[in-house]
Amino acid sequence: MRTFDLAPLYRSAIGFDRLAQLLNEQRADAQPSYPPYNIELVSEDKYRIVMALAGFSREEIDIITERDSLHVTGRKQKDGVERTFLHRGIAARDFEQRFQLANHVKVTGATFENGMLTIDLVREVPEALKPRKIEIGTGSDTIPGATVSTLEQRQAA
């Protein structure tokens with residue numbers, strides 16, 4: 001198992017402590033392998049999580065978003081029938097799967113069909129945070145008739 005020294009990151013970067021915390025959490029917590037899932041990049045800002053949930057019904061699954069995380073929980077209801085299995089290959093056990101979402105990633109919908117749960121996500125960056133090009137003007141593009149002294153007088157007032 002590899003370990004990473006994140007001290008240089010703390011010395012030279014400001015505001016990346018959350019990233020370092022995520023790396024430490026991923027290293028400390030082994031992700032559960034049940035239920036199996038895929039994460040797809042549908043288009044530039046659209047994602048899809050597909051989970052195989054054989055044996056579950058729609059009512060036994062909860063999807064909750066909270067801040068920057070997505071929690072998918074399955075609670076299998078007991079049917080009260082006592083069974084003797086010769087081989088049990090279908091797990092159908094309770095689970096809780098957590099996904100860490102990047103900034104501005106929102107869940108847009110979920111469907112459950114043929115034992116497959118599909119969760120659609122989209123990254124919606126607000127206009128104020130999108131890159132914008134700043135036009136470079138010439139010296140004559142300033143306020144007509146304004147000089148440095150008149151601008152200083154306006155700021156003082």
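Note that this is a predicted model, so its numbers are computed, not measured. Counting restarts for each chain, with residues numbered from 1 along the sequence as it is written. Note on the predicted model: pLDDT of at least 70 is required for a residue's local features to be given, and 80 or more for side-chain atom pairs to be given and counted; whole-chain, interface and lining totals, by contrast, use all residues. Water and hydrogen atoms play no part in the side-chain values, which are based on all heavy atoms of the structure.

Draft legend 1. Representation of the side chain of S69 in the model. Secondary structure counts use DSSP, requiring at least four H or I residues in a row for a helix and at least two E residues in a row for a strand, with both numbered from the N terminus. In this fold, S69 is placed in strand β4 (residues 69–74). Any pair of nitrogen or oxygen atoms within 3.5 Å is treated as a polar contact; in protein, a donor-acceptor pairing is required on top of that, and neighbouring residues in sequence qualify only through side-chain atoms on both sides. Within the structure, the side chain of S69 is placed 3.2 Å from the side chain of H71, a separation counted as a polar contact. In what follows, residue pairs with any heavy atoms lying within 4.5 Å of each other are defined as contacts. The contacts of S69, once residues within four sequence positions are left out, are I64, F99, Q100 and L101.

Draft legend 2. Region of the structure containing the packing of aromatic side chains. Stacked, tilted and edge-to-face are the three classes applied to pairs of Phe, Tyr and Trp rings, where Trp contributes its six-membered ring and a pair requires centres within 6.5 Å; stacked means planes under 30 degrees apart, edge-to-face means over 60, and tilted covers the rest. Counted according to the given criterion, the structure contains 3 aromatic pairs. Ring geometry for Y34 and F95: centres 6.2 Å apart, planes at 90°, overall edge-to-face. In this pair, Y34 is assigned in the loop between α2 (17–28) and β1 (37–43) and F95 in strand β5 (residues 95–100), connecting sequence segments 61 residues apart. For the pair Y34 and F95, a shared accessibility class is recorded, and that class is buried. Only when the NZ of Lys or the CZ of Arg is both within 6 Å of the ring centre and within 35 degrees of the ring normal is a charge said to sit over the ring. In this structure, K76 is placed above the aromatic ring of F56, and the distance from its NZ or CZ to the ring centre is 5.5 Å. Residue burial is assigned from relative accessible area. The probe radius is 1.4 Å, only protein chains are included, and a residue is buried under 20% of its type maximum, exposed over 50%, and partly exposed in between.

Draft legend 3. Seen up close, the environment of V122. Positionally, V122 belongs in strand β7 (residues 116–123). Residue V122 is classed as buried on the basis of its relative accessible area of 11%. V122 sits 75 residues away from Y47 along the chain, and the two C-alpha atoms are 6.1 Å apart. Beyond its immediate chain neighbours, meaning those up to four positions away, V122 contacts D45, K46, H104, V105, K106 and T108.

Draft legend 4. Structural context of the pattern of salt bridges. The term salt bridge refers to a side-chain nitrogen of Lys or Arg lying within 4 Å of a carboxyl oxygen of Asp or Glu. According to the stated counting rule, one finds 6 salt bridges in the structure shown. As a salt-bridge pair, R48 and E40 come within 4.0 Å of each other at their nearest N and O atoms. The exposure class of R48 is partly exposed, given its relative accessible area of 27%. Note on E40: relative accessible area 33%, which makes it partly exposed. Of the charged contacts, one joins E96 and R75 as a salt bridge, the two residues approaching to 4.0 Å between their closest N and O atoms. Taken as a pair, E96 in strand β5 and R75 in the loop between β4 and β5 lie far apart in primary sequence, 21 residues in all. Overall, E96 belongs to the partly exposed group, its relative accessible area being 35%. On the basis of relative accessibility, which here comes to 41%, the residue R75 falls in the partly exposed class. Each of E40, R48 and D120 takes part in salt bridges that share partners, so that together they form one network.

Treat this as a map of the structure, not an account of what it does.
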